[in-house]
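Now for the letters of each chain:
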Amino acid sequence: GTGDRGQGTGDRGTGIQRIKEEETMLTRCLTLIGLIATLLISSGCGVKETMLDRNWGKSFESAKSNQILNPEAGKDPVTEANIGKYMGYGKKQTSNKLDDSTIQK
């Protein structure tokens, strides 16, 4: 009878203490999660948009609209020669390999 009552009181005391510890741990976890979320959200606010970001794709859109307005533009001999030089530039750079005729024996 009385022995059971004493053990019950002891269990109730440790149960309340355990609940308080769990509440403290939960509060700490929620505070940590809130702090991490705040840092992640605020880290994106400091990033500034660059000129490249603001003008991304405008060159292409401008060239496209100019070609629509005047499809014959750029078809003169000088422009075609410059385009040919530009297209052949990479080929010249890669074909400068040594062969047997350039090596002095």
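Residues numbered from 1 in each chain as written. Predicted model: local features only at pLDDT ≥ 70, side-chain atom pairs only at ≥ 80, totals over all residues. Heavy atoms only, no water.

What to know about the overall build of the protein chain
Of regular secondary structure, the protein chain possesses 4 helices and 0 strands. Put simply, the protein chain has 105 residues, and 1% of those count as buried. Approximately 10,300 Å² of the protein chain is accessible, and the part contributed by carbon and sulfur atoms is 60%. (Helix = DSSP H or I, 4+ residues; strand = E, 2+ residues; numbered from the N terminus. Buried < 20%, exposed > 50% of the residue type's maximum accessible area, 1.4 Å probe, protein only. Areas by Shrake-Rupley, 256 points an atom, 1.4 Å probe, with all protein chains shown as cover.)

Re a nonpolar patch on the surface
A grouping of L32, L35, I36, L39 and L40 is seen on the molecular surface, where their side chains present a nonpolar patch of about 510 Å² in accessible area. Relative to the helices and strands, L39 is located in helix α1 (residues 2–43). (Patch = residues over 30% accessible without salt bridge, like charges linked within 9 Å, V, L, I, M, F, W, Y side chains within 5 Å. Salt bridge = Lys/Arg side-chain N within 4 Å of Asp/Glu carboxyl O.)

Let's talk about the pattern of salt bridges
Inspection of the entire model under this criterion finds 1 salt bridge. The salt bridge involving E49 is made with R54; its shortest N-O contact spans 3.9 Å. For E49, a relative accessible area of 49% translates into the label partly exposed.

Looking at the confidence of the model for the protein chain
Here the protein chain averages 77 in pLDDT, and 72% of its residues register 70 or above. Within the protein chain, helix α4 (residues 77–94) has the poorest average pLDDT of any element, 77, and helix α3 (residues 58–69) the best, 89. Overall, residues 3–8 carries pLDDT values under 50, and its contacts beyond four positions in sequence, including any with other chains, amount to 0 contacts. (pLDDT = per-residue confidence, 0-100. Contact = heavy atoms within 4.5 Å.)

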